[in-house]
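What follows is the residue order along each chain.
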2 protein chains.
Amino acid sequence: MAIRIGIMGYGNLGRGIECALKQNKDMELVAVFTRRNPETVTILTEGVPVYHVDDAVKMQDKIDVMILCGGSATDLPEQTKMYAKYFNVVDSFDTHARIPEHFDAVDAAAKESGKVGVISVGWDPGMFSLNRLYANAILPNGSDYTFWGKGVSQGHSDAIRRVEGVLDGKQYTIPVEGALEAVRSGKNPELTTRQKHIRECFVVAEDGADTARIEAEIKNMPNYFADYDTTVHFITMEELKANHSGIPHGGFVIRSGKTGWNEENTHIIEYSLKLDSNPEFTSSVIVAYARAAYRLSCEGQSGCKTVFDIAPAYLSAQSPEELRKHLL
Amino acid sequence: MAIRIGIMGYGNLGRGIECALKQNKDMELVAVFTRRNPETVTILTEGVPVYHVDDAVKMQDKIDVMILCGGSATDLPEQTKMYAKYFNVVDSFDTHARIPEHFDAVDAAAKESGKVGVISVGWDPGMFSLNRLYANAILPNGSDYTFWGKGVSQGHSDAIRRVEGVLDGKQYTIPVEGALEAVRSGKNPELTTRQKHIRECFVVAEDGADTARIEAEIKNMPNYFADYDTTVHFITMEELKANHSGIPHGGFVIRSGKTGWNEENTHIIEYSLKLDSNPEFTSSVIVAYARAAYRLSCEGQSGCKTVFDIAPAYLSAQSPEELRKHLL
């Protein structure tokens, strides 16, 4: 019998989960839950109902894993611990600094209910975190580097759109090629914020707006742009829609470390992602961990888990024997 | 108390383990075991004894994990299952096709003794296998590519040295840059053996040897070179020693996959290694898994495990709380 999945929240991430489930034949979408009027929400999968979030708990016996697709700022800190009382849950909570408290809250709820809650699943946190852990464990004497991009930063794009006279805008975070090369060379460079990433903005200004003032305001915006080399391109709305409507992202996790009796040998471990769709890739990671959550729950485990706590074999639809034969 | 480690076999790998242990303060080298006369073996660590292999079993109560540094052809198929009767063990068994039978033999022995045996640890099998598994679980609709190099192939170097008139030689396996780029572009190319790797040989010939004949014999050697574009350089023994005495290696594991309702988005997951010393890096992976073997054993687990079966957190000297705070 297929693993029965519920999707809580139907934005970019929820739609990504729906698409990922289509590719995983051992899993089945049972229902989508929304805060909107369910009758106004049309999903892609034929024959699957959309319900109001208030009806979710009634489905407790029909759903093996509930995937929570809310935001990290306000939704997940409440939702994950709440739904862990009723379901095995997976979320993509990505506020790094608040992960310990989120873990504790979900752990308490999931231990009480006997369910499994997997938090902070995606690529960062998620696959990038995993690669940091593996690389640190293998090369304890070394340095970590994370670069993001080339990709769209939603937060920085929002910041651009708040500038007066801006109709719309997209911001790309781009790693500095020279910095990547310096890290790959094993030189263990100390890199400032400015040396690691550049920020490229595509801005649609209102008719007659003072573009010089807009450009200056963006470039000097504290936290978002002031610490970076930022370029601003003014384009038309048509160009923005035609060339900048995707949500690509990616990045690099590199560890450079030394081994040998006198630390005479250098090793570079590099993990990189190049993603056409940030939410669809994140969703694909989440779905693999939903499989793991279900299996852990079937084994009688409970409480909060992260990607660090889950053996890789739990993620795969293949049996341990098949994995050893074909992928080891 | 530190985790007490024994090293069985003191070649390149054994020495690499010794170096890695120096970097891991929660672990301690207790003894090295050799088939040679122990008095003829000098190790790097002061105050640590070298014993004959026949004395290993007597040390059962003094060693938490025995690391087996023998070869995959004849040593490990016998040693791992034998020592799993007495110790938690880790090996780097790398004959991919024979992993299932090795697993079964070690599993039976380790289950009977109540010990943990971790097999096929290193980078391929090992870290490359892990990355294949994670990437396949995340992107079920995609293609896998593994490239090796640039690095020294011991087997191919040995093959060169068996050619008549050859005094010494080193062979480098080198991935074809254009093939890597085609894979990274998401085109999912079908690549022949010749299209993926080239082989570069540095050969020291005997005085007066027929170098044209040697070159032809190498290039046409079935299995080893005939299916590849191979270049042969004749150099002096001095040049070989000066420029080709290291054991670098590395490679790339790439998965290219599609997501989206109509598979409209492409994603590239790439893991790569650039290693100055193949045996020292392999050793560093093994030592991290020795920590895991010890911890699993302390939890009461037994039987054979691979990298697929072990949750990442077990590899790290850091506590789960520290890992969540700093690496997630």
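Scoring rules and cut-offs
Residues numbered from 1 in each chain as written. Chains lettered and ligands numbered in written order. Predicted model: local features only at pLDDT ≥ 70, side-chain atom pairs only at ≥ 80, totals over all residues. Heavy atoms only, no water. Least-squares fit on C-alpha atoms with pLDDT ≥ 70 in both. Contact = heavy atoms within 4.5 Å. Salt bridge = Lys/Arg side-chain N within 4 Å of Asp/Glu carboxyl O. Helix = DSSP H or I, 4+ residues; strand = E, 2+ residues; numbered from the N terminus. Pairing = 2+ DSSP bridges. Axes fitted to C-alpha atoms, helices over the stretch in contact; angles between N-to-C directions.

A word on the relation of the copies chain B and chain A
No. 1: When chain B is fitted to chain A, the best match, at an RMSD of 0.0 Å, comes from turning it 180 degrees and sliding it 0.0 Å along the axis. Here the two chains are linked by the operation of a two-fold rotation axis. Closest approach to the rotation axis among the C-alpha atoms of chain B is made by Ala311 of chain B, whose C-alpha sits 1.9 Å away.
No. 2: Of the residues that chain B buries at the interface, 100% are likewise interface residues in chain A, meaning the two copies contact each other through the same surface.

Quick notes on the pattern of salt bridges
No. 1: Counted under the stated rule, the structure contains 34 salt bridges over all chains.
No. 2: Here Asp144 of chain B and Arg255 of chain B are joined by a salt bridge, their closest N and O atoms 3.1 Å apart. Within this pair, whereas Asp144 of chain B is found in strand S7 (residues 142-148), its partner Arg255 of chain B is found in strand S12 (residues 249-259), the two being separated by 111 residues in sequence.
No. 3: For Arg213 of chain B, the salt bridge identified is with Glu217 of chain B, shortest N-O distance 3.2 Å. Here Glu217 of chain B and Arg213 of chain B lie together in helix H8 (residues 211-219), a separation of four residues that amounts to about one turn.
No. 4: If you follow the salt bridges from partner to partner, you end up with Glu177, Glu181, Arg184 and Glu270 of chain A in one network.

Comments concerning the sheet that holds strand S9 (residues 166-175) of chain A
Whether parallel or antiparallel, the strands of a sheet pair through hydrogen bonds between backbone atoms.
All names here are of chain A.
No. 1: Overall, mixed pairing links the four strands, which are arranged S8-S9-S10-S11 in an open sheet. Edge positions in the open sheet fall to strand S8 (151-152) and strand S11 (229-234), since each of these has one partner strand only.
No. 2: In terms of strand pairing, S9 meets strand S10 (residues 197-205) through nine bridges, oriented antiparallel. Residue Thr173 lies in a different strand from S10, and its bridge partner there is Arg199.
No. 3: With respect to the sheet, helix H8 (residues 211-219) is in contact with S9, S10 and S11, its orientation differing from that of S11 by roughly 150 degrees.

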